[in-house]
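Residue strings, one per chain:
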Amino acid sequence: MQSVKQNKEVEVIIVGGGVVGLTMAHALAIHNVTVAIIEKNEFTEQISDGRAFAISDGSKEILDCFGIWDVIKGTVGNINEIRVTDKDSLFFLHFDNKLIGSKPLGYMIESAIIHNALLNQVKENRKIEILAPATYSIVDYNANGVRVTLSDSTIINGKLLVAADGKNSKIRELLGIYAQKIDYGQTAIVCNIRHQKEHQAIAQERFLSAGPFAILPLKDPHISSIVWTERDKLAPLFAKMDREELNYHLAERFTDYLGKIEIVSKIFLYPISLTFSRKYYKDRAVLIGDSAHAIHPIAGQGYNLGLKDVKELVNLIIRNKKLGLDIGSSLLLKEYEDNRMFSNMAMIGITDSLNRLFSNNIAFLREIRSLGLAAVNKIPRLKKFFMEYAMGKEFKL
Ligand SMILES: Cc1cc2nc3c(=O)[nH]c(=O)nc-3n(C[C@H](O)[C@H](O)[C@H](O)COP(=O)(O)OP(=O)(O)OC[C@H]3O[C@@H](n4cnc5c(N)ncnc54)[C@H](O)[C@@H]3O)c2cc1C
């Protein structure tokens, strides 16, 4: 029998130290809630995972509220225009920030930069107990709390368990919460490229038959992040090509509108699937971020949705704490689910439909797409609606 190593008492236990789990830990701690965060990997600075996040204006406000925006703002690039085109079509959709004022339509930040900024905040906050690298072996719930036993026998007691352990969430599985999974048969090839001409803060989304090809402007006006969606079978073949050959295939899709291009990072592959949970809570555990909804990166919204989950849950926890109420009660968790599920499902619907509508070469659908893009482009109110939605504005029924 293993001996009990230590007992730790906190209010909230978070499993998963990705960007969403770290944001949650930080946001709770700055509101004086004690937290333990359990992460299976070592908590060291991330070098790069290739991804760059498009952050909506709504997410900027959330990060600002948590004191993170000030830390990262010097490394953030703006998105002032978005151009959406369909393969071989003359029609394209053009979103320009001037249509809605002077604010950028969104912001771009490399995921490693935001991850490291959050990690530094978390490491500095004494309200947060970091348990990494660590794995848990048992999770017990009772009427008053939750107890997590780590593999080294450390016991952590809390009032609420927050699962931020990503799309293959083990906590979700242990809770027996059903998650719907849809494999798109697509893999994203992700890298940074340098281009001869400046990108002028313009993001491009090209719908090619294998999937969307996104060109996202980073802070450096000569560097863009590429999310090139390919069929599962082809993506690893592209990734294995020598740089010259890969550059050729990339340039074919990129075209020469920014002059000569060159890959300046490692190549990363991300298999793409949709996973969404049918419930967001059970017992004293609650799902946030990709553990609740891992969506297609077509609209760059995964972390944005995770931030809205964090904001909602943190507000409810603080409210209950102030009122002396249970922060892990099923009433609170139901309120969280009620307030987040509709909005998350709406974004799931949009990203899933966009991908299905555009990732093919069917002539009839090509016609509909072209007409659709042209129609949206011609109706300013509709255009404004899409722009504000992408900027993080909530539309409730
Ligand atoms: C190519 C690509 C481009 C994207 N672009 C954008 C974008 O532009 N904008 C945007 O908003 N979103 C974007 N996303 C989505 C975004 O990356 C995710 O939504 C976000 O990273 C989810 O964060 P998370 O913390 O919920 O999950 P994860 O990042 O998956 O983190 C989960 C964490 O839990 C840990 N963990 C797992 N299991 C355990 C365990 N048993 N015990 C302890 N720890 C555990 C993992 O090690 C990991 O650290 C993109 C995604 C991809 C693939």
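Criteria and thresholds
- Residues numbered from 1 in each chain as written.
- Predicted model: local features only at pLDDT ≥ 70, side-chain atom pairs only at ≥ 80, totals over all residues.
- Heavy atoms only, no water.
- Near = heavy atom within 4 Å.
- Polar contact = N/O pair within 3.5 Å; in protein donor to acceptor, adjacent residues only side chain to side chain.
- Areas by Shrake-Rupley, 256 points an atom, 1.4 Å probe, with all protein chains shown as cover.
- Helix = DSSP H or I, 4+ residues; strand = E, 2+ residues; numbered from the N terminus.
- Core = buried A, V, L, I, M, F, W, Y, C linked by side-chain atoms within 4.5 Å.
- Buried < 20%, exposed > 50% of the residue type's maximum accessible area, 1.4 Å probe, protein only.
- Contact = heavy atoms within 4.5 Å.
- Pairing = 2+ DSSP bridges.
- Axes fitted to C-alpha atoms, helices over the stretch in contact; angles between N-to-C directions.
- Salt bridge = Lys/Arg side-chain N within 4 Å of Asp/Glu carboxyl O.
- Phe/Tyr/Trp six-rings, centres within 6.5 Å; stacked < 30°, edge-to-face > 60°.
- Lys NZ or Arg CZ within 6 Å of the ring centre and 35° of its normal.

*Asks:* Looking at this structure, I do not really get the site of the ligand. What am I missing?
*Replies:* Around the ligand sit 28 residues in total, of which Glu39, Arg51, Ala54, Asp290 and Tyr303 are the nearest. One nitrogen or oxygen atom from the main chain of Gly18 is found 3.5 Å from an oxygen atom belonging to the ligand. In this structure, a nitrogen atom belonging to the ligand sits 3.1 Å away from a main-chain N or O atom of Lys40. About the coverage of the ligand: the protein hides 85% of its 1,000 Å² of free accessible area. Every element with two or more residues in the shell around the ligand is listed here: α1 (19-29), β4 (52-55) and α8 (302-322).

*Asks:* Hey, could you run me through the nonpolar core in this one?
*Replies:* Inside soluble globular proteins, nonpolar side chains tend to come together where they are buried. By size, the foremost hydrophobic cluster in this structure holds 72 residues, and its most contacted members are Ile14, Met24, Val148 and Tyr303. With residues near it in sequence (within four places) discarded, Val148 still touches Ile13, Ile38, Tyr136, Ile138, Val139, Thr154, Ile155, Ile156 and Leu161. Counting residues in hydrophobic clusters, the runner-up holds 20 residues, among them Ala52, Val190, Phe268 and Met347.

*Asks:* Which parts of the structure should I look at to understand the sheet that holds strand β11 (residues 146-150)?
*Replies:* What holds strands together in a sheet is hydrogen bonding between their backbones, with the strands either parallel or antiparallel. An order of β1-β12-β11-β10 is seen for the four strands of this open sheet, with the pairing classed as mixed. Sheet topology places β1 (7-9) and β10 (136-141) at the edges, where each strand pairs with a single neighbour. On average, each strand axis in the sheet is inclined to that of its neighbour by 15°, with strand direction left out of account. Across three bridges, β1 lies against strand β12 (residues 155-158) in parallel orientation. By the bridge assignment for β12, Lys8 is matched with Ile156.

*Asks:* Would you explain the pattern of salt bridges in this entry?
*Replies:* One side chain can pair with another of opposite charge once the charged atoms of both are near each other. Scanning the model with the defined rule gives 15 salt bridges in all. We note a salt bridge from Asp49 to Arg51, for which the minimum N-O separation is 2.6 Å. The shortest N-O distance in the salt bridge between Asp140 and Arg147 comes to 3.0 Å. Through salt bridges with shared partners, one network takes in Asp57, Glu61 and Lys103.

*Asks:* Honestly, the packing of aromatic side chains in this entry has me stumped. Any pointers?
*Replies:* To describe a pair of aromatic rings, you give the distance between the ring centres and the angle between the ring planes. Overall, the coordinates contain six aromatic pairs when judged by the stated rule. With 5.4 Å between their ring centres and 35° between their planes, Phe53 and Tyr303 make a pair best called tilted. Highlighted residues: Phe53 in strand β4 and Tyr303 in helix α8, separated in sequence by 250 residues. Using a relative accessible area of 7% as the deciding quantity, one classes Tyr303 as buried. Between Trp228 and Phe238, the ring centres sit 4.8 Å apart and the planes meet at 50°, which makes this aromatic pair tilted. Here Trp228 is found in strand β17 (residues 223-231), whereas its partner Phe238 is found in helix α6 (residues 235-240), with 10 residues between them in sequence. Judged by its relative accessible area of 8%, Phe238 is buried. The side chain of Lys279 reaches across the aromatic face of Tyr281, ending 4.1 Å from its centre.

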